[in-house]
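# Architecture and fold: a report
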Amino acid sequence: MWFFATACYLALLNVLDIIMNLTGLSIYRFTVVELGVFNAVWTITYIFSVRIATRIADRGEFKKNLALSLALILVSLSTLYYSLASHNKVLLYIAYSAHAVAASSLRVSVFTSILENYESYKWSRVNRRLVQTTLLIEGLVLALLSQIGFKAVVSGIAYLSAITVVLAVLSLASIPQPTLLIERILYRIEHSLSRMLLPARAALAADYYSIGVPDKQRIAGFREKATSVGLVLICLVGLRISNEYVLTPLPYHMMNNVRLGMETIMWIYGLAKLVTALLLSSVFAGTPSKGYFGLALAIRLLSSMALYTFFDQAFLPVLLLALTLYSNTLVDIALYNLYIEVTYGYGAGYYSLVNEFSGFMGSLTSGLIYLFFGVPAILVLIVLSTMVFVLLAKNL
């Protein structure tokens, strides 16, 4: 119950994120620079709030975080309503900032709750299933809203708000509150014992895989190759900044350069997320390995570049955006699993903090780059950032 409720709530928060961005573009006529600033404000708010949410979640107080999320989404939705009623841009920024706090409290609690409520060998699979479920619901909702019409959605924002609040309440009521925070402790002990017993086991087998660890450690020459937290986070910084250069200016590009309507943009995002969920459930559905980690990077590079080049083709934008989101998700899952492995499941919120701080830098600069240098500069940055990321990722 709690898993599905929180996935639905997370999906609705993501939908509201897109709606607020489209509101800024359509109603308040954001420029591409202001769109970047708008997203940067969300990100910097998220960064400050996620530190508090992480401390609360690491104490196992998931309901407290969900209560905070519920309170802030109520603030966000009511402020959004008054922003639309009074045509007040400042209120839209406040609504989006409150949305950031609600999202950080929810995300940290959900991902930490998975670490405490499932055995360590299930962490990777359950995290992937959460991403799939969220994308599926988000895609369905966006596709449905695109058929209703953007103006009708904005006019009836109270209905979407009511559904979101109900899901928030269900998430708060159903999320388990552990009495003993033991699963991550057991994983740390198991991981440490695996390292201590490595020489004895290596004497008996040429290939060693530790038992019960979500991402099995590869042993070459009977020596363990340890991945540092710093390297994982540096790779994450490169990935997220590159993502922002691709995805932040995209709605503006769709609306002002390709001349697509709001409904078409919502339809493209909705279908792309549905295709992404389908790909995640059927293609490379196992634990991320270096083989398709590299393939995901190649898909990401080609699809991201083509996304800005062939947008006037019929169904192609949906497929290209889906491939971009799919490959990003694969790489992010791989990095997150590595981070959880080397930190024994503690401080999951700090992964999110670094992720969003990198997004802040990317959001803040992407609009300026797009405005002054155009699409060619975006394409060059995609290539360069991917090359840097590949060089870093080779050491993982």
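Below is a summary of the structure that appears in this document. (Residues numbered from 1 in each chain as written. Predicted model: local features only at pLDDT ≥ 70, side-chain atom pairs only at ≥ 80, totals over all residues. Heavy atoms only, no water.)

## Observations concerning the overall build of the protein chain
- Summing up its helical and strand segments, the protein chain has 15 helices and 2 strands in all.
- Looking at the protein chain as a whole, 59% of its 396 residues are labelled buried.
- When contacts within the protein chain are restricted to residue pairs at least 6 apart in sequence, those whose partners lie at least 24 apart make up 84%. (Helix = DSSP H or I, 4+ residues; strand = E, 2+ residues; numbered from the N terminus. Buried < 20%, exposed > 50% of the residue type's maximum accessible area, 1.4 Å probe, protein only. Contact = heavy atoms within 4.5 Å.)

## Here's the deal with the side chain of Thr6
- When you line up the elements, Thr6 lands in helix H1 (residues 2-26).
- Within the structure, Thr6 has its side chain in polar contact with the backbone oxygen of Phe3 (distance 3.0 Å).
- Setting aside residues up to four positions removed in sequence, Thr6 forms contacts with Leu106, Val110 and Ser171. (Polar contact = N/O pair within 3.5 Å; in protein donor to acceptor, adjacent residues only side chain to side chain.)

## Notes on helix H2 (residues 32-58)
- With 27 residues, H2 should cover 39 Å at 1.5 Å per step; its first-to-last C-alpha distance of 38 Å lies within 8% of that length.
- At Ser49, H2 shows its largest kink, close to 30°.
- Positive phi appears at Gly60, one or two residues downstream of H2, with a value of about 80°. (Expected span 1.5 Å × (residues − 1). Bend = angle between axes of the 7 residues up to and from the residue.)

## Quick word on helix H4 (residues 89-117)
- Look at H4: 42 Å from first C-alpha to last across 29 residues, which is about the 42 Å you get at 1.5 Å a residue.
- Counted residue by residue, H4 has 23 buried out of 29 residues, so it is predominantly covered.
- For H4, the N-terminal cap is Asn88; the gap from its side-chain oxygen to the backbone nitrogen of Val90 is 2.9 Å.

## Comments concerning unusual backbone geometry
- Phi is positive for Arg29, which is not a glycine, with a value near 55°.
- Among the residues examined, Arg29 registers a relative accessible area of 59% and is labelled exposed.
- One non-glycine residue, His87, lies in the positive phi region at around 55°.

So yeah, pure geometry; function would need other evidence.
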